[in-house]
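Examining the three-dimensional arrangement
The chain contents come next:
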Amino acid sequence: MNLVVLGAQWGDEGKGKIIDFMSSVADVVVRYQGGNNAGHTVVLGDKKYVLHLIPSGILHEGRSCVIGNGVVIDPGYLLEEMAYLAKNGIGLDGNLHISENAHVIMPYHKLLDRLAEEKSSKKGKIGTTSRGIGPCYTDKAARLGVKMADLLDKATLTEKVKASLEVKNYLITKYYGAKGFEAGQVVKEYLAYGAKLKKYIGNTYVLLQRAAAKNKKILFEGAQGTMLDVDFGTYPYVTSSNPTAGGACTGAGFSPSLIDKVIGVTKAYTTRVGEGPFTTEMPVELNEDFRGRGNEFGATTGRPRRCGWLDMVVLKHAHAVNGFHSLAVTKLDVLSGLNELMVCEAYRYRGKKLYDFPANIGVLRECTPVYRAVKGWKENICDVKTYVKLPGNTKRYIDMITGMSGVPVSMFSVGPDRDQTVITDKGLWK
Ligand code: IMP
């Protein structure tokens, strides 16, 4: 049984918690795209862990955790995260496997990410996490990238860094007026990272194939979300990878024929960080209210998240792209205490109703939400352990999500702790 769990919105859907929950049953947990731009928060007892790169499955003893070829890795950061886990008594040896084909975030990628954002006009800014993600994927596609395998081979690394810096240094110094890099220094630093990571680097797609052949349970954890997908998101206000279900196959080297289920994670409302159109964004006061009640601050950058009502146009778009078997609805408790909730069922564009998510960013900018008002609930639901025990209006809210999206809800969460996740489909792993 192999499952993909991914974000149905703009990331930050609370996937970390759902993935951690599902990892308790999985044998292998795999990251397949993105890098340390992601931030998965998991609360264990009174301790909160925020992981940016290593699959959160590592928090369960004995899980094999794979960083797949589709991920971009900042090795300096990875070593810090490994040290953070080791300090907390979490073992990595024999459990962590890093694809030799994963691309490496180089120091010039991070600098270029920052310089490009700084130079952009307000309208052109993406609001990136400045982790070098976009420039690293750019080099991968341009065939100028450095792979993890190259960190173990001085000659190849030197050749690649020199070739890449020939153009990058010109851009950095002449166009941006910043200080360039010296190839020898970069090679030295990255070979040292390679030496430290060597025992974890290897062929991870064969490892996954073997696990699948032995009927192991493999969990693919998406980072970011469908609306940040470079093909199907709100381009150009997206990340540079494919957080969608297809990305799990290319980003891990895993056949689509072996994937049994795809689970979409959606908040009971919507948030996004960074720039770009956001049709159901709430007015300033309500936005602030939600930020407070939902603690909506980015796990990676600490930036305040923009808050909005649940957008069914987005959710249906995400279902069309990913083919969800079921949904996990998170942060349902955050809606408690509101008299009325808004749910966006269509967009209005120049007097016409749109039910499909527009590909044109200019059209999207002009869209306004067509809301359906639904009744809220007053009750605190943080301790609810079954669907049946939910207040009537909460049940109706969940049922409405299923009715409008055509996707059953297999679990929902009512708070940050592990035991605040309620499974409504007992056959999830079957
Ligand atoms: P990048 O991935 O750093 O290039 O940033 C591109 C866009 O994706 C920006 O709007 C970021 O705020 C957003 N983004 C990247 N990673 C995450 C995430 O894990 N959660 C939410 N938004 C993200």
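One can find the structure itself at the top, above this paragraph.
Read on for a plain summary of the structure. Note that the coordinates shown come from a computational prediction; the quantities given were computed from them, not determined experimentally.

With that settled, the discussion passes to the overall build of the chain. Check the secondary structure of the chain and you find 12 helices and 20 strands. A compact globule built from 430 residues would reach a C-alpha radius of gyration of about 22 Å, and the chain, at 22 Å, matches this within 12%. Taking the principal axes of its C-alpha atoms as reference, the chain extends roughly 65 × 50 × 40 Å. The buried share among the 430 residues of the chain stands at 57%. The long-range share in the chain, meaning contacts at least 24 apart out of those at least 6 apart in sequence, stands at 75%. Put simply, the chain shows about 17800 Å² of open surface, and 52% of that area lies on carbon and sulfur atoms.

This part takes up the site of the ligand. Near the ligand there are 16 residues, and of these Asn37, Thr129, Gln224, Thr239 and Arg303 occur at the shortest range. Asp12 is positioned such that a nitrogen or oxygen atom in its side chain is 3.1 Å from a nitrogen atom of the ligand. The side chain of Thr129 places a nitrogen or oxygen atom 2.6 Å from an oxygen atom of the ligand. Its free accessible area being 470 Å², the ligand has 97% of it covered by the protein chains. Inspection of the shell around the ligand shows a minimum of three residues originating in each of domain 1 (2-94 + 203-423) and domain 2 (103-200).

Now for the sheet that holds strand β7 (residues 96-99). Sheet architecture is open: 10 strands sit in the order β9-β7-β5-β2-β10-β1-β11-β15-β19-β20, paired in mixed fashion. In this open sheet, the two edge strands, each paired with only one partner strand, are β9 (201-202) and β20 (421-423). As paired strands, strand β11 (residues 261-267) and strand β15 (residues 326-330) are joined by 5 bridges and run parallel to one another. The residue of β15 that forms the bridge with Lys267 is Thr330.

Here Arg272 is to be found in strand β12 (residues 270-272). By relative accessible area, which is 1% here, Arg272 ends up buried. Distance in space between the C-alpha atoms of Arg272 and Leu85 is 28 Å, their sequence separation being 187 residues. Not counting residues within four places of it along the chain, the set of residues in contact with Arg272 comprises Trp10, Leu228, Thr234, Tyr237, Pro277, Phe278, Arg305 and Arg306. At a separation of 3.0 Å, a polar atom in the side chain of Arg272 contacts the main-chain carbonyl oxygen of Glu275.

This part covers the packing of aromatic side chains. Inspection of every chain in the model, using the stated rule, returns 10 aromatic pairs. Aromatic side chains Phe220 and Phe254 sit 4.9 Å apart centroid to centroid with 50° between the ring planes, which places their arrangement in the tilted category. Placement of Phe220 in strand β10 (residues 218-221) and of Phe254 in the loop between α8 (245-252) and β11 is noted, with a sequence separation of 34 residues between them. When sorted by exposure, Phe220 lands in the same class as Phe254, which is buried. The interplanar angle of 70° and the centroid separation of 5.1 Å between the aromatic rings of Tyr269 and Phe290 together place this pair among those described as edge-to-face. Of this pair, Tyr269 sits in the loop between β11 and β12 while Phe290 sits in helix α9 (residues 284-293), and the two are 21 residues apart along the sequence. Members of the aromatic cluster, each reached through a chain of ring pairs, are Tyr269, Phe290 and Trp309. One cation-aromatic arrangement involves Lys119 over Tyr175; the distance from NZ or CZ to the ring centre is 4.6 Å.

This brings us to the pattern of salt bridges. Pairing between side chains of opposite charge can happen when their charged atoms approach one another. This model, assessed by the stated rule, comprises 15 salt bridges. Between Asp139 and Lys168 there is a salt bridge, with the nearest N and O atoms lying 2.9 Å from each other. Placement of the pair is Asp139 in helix α4 (residues 133-141) and Lys168 in helix α5 (residues 154-175), with a sequence separation of 29 residues. Taken as a pair, Asp139 and Lys168 share a single burial class, namely buried. Arg306 is the salt-bridge partner of Glu281, the closest N and O atoms lying 3.0 Å from each other. Here Glu281 is found in the loop between β12 and α9, whereas its partner Arg306 is found in strand β13 (residues 306-308), with 25 residues between them in sequence. The exposure class of Glu281 is partly exposed, given its relative accessible area of 30%. A single network of salt bridges, built from pairs that share partners, joins Asp12, Lys267, Glu296, Arg305 and Lys331.

Here His40 shows up in strand β3 (residues 40-44). On the accessibility criterion, His40 (6% relative accessible area) is buried.

Parameters at a glance
Residues numbered from 1 in each chain as written. Predicted model: local features only at pLDDT ≥ 70, side-chain atom pairs only at ≥ 80, totals over all residues. Heavy atoms only, no water. Helix = DSSP H or I, 4+ residues; strand = E, 2+ residues; numbered from the N terminus. Rg over C-alpha atoms; globule rule 2.2 N^0.38 Å. Buried < 20%, exposed > 50% of the residue type's maximum accessible area, 1.4 Å probe, protein only. Contact = heavy atoms within 4.5 Å. Areas by Shrake-Rupley, 256 points an atom, 1.4 Å probe, with all protein chains shown as cover. Near = heavy atom within 4 Å. Polar contact = N/O pair within 3.5 Å; in protein donor to acceptor, adjacent residues only side chain to side chain. Domains from an automatic or database assignment. Pairing = 2+ DSSP bridges. Phe/Tyr/Trp six-rings, centres within 6.5 Å; stacked < 30°, edge-to-face > 60°. Lys NZ or Arg CZ within 6 Å of the ring centre and 35° of its normal. Salt bridge = Lys/Arg side-chain N within 4 Å of Asp/Glu carboxyl O.

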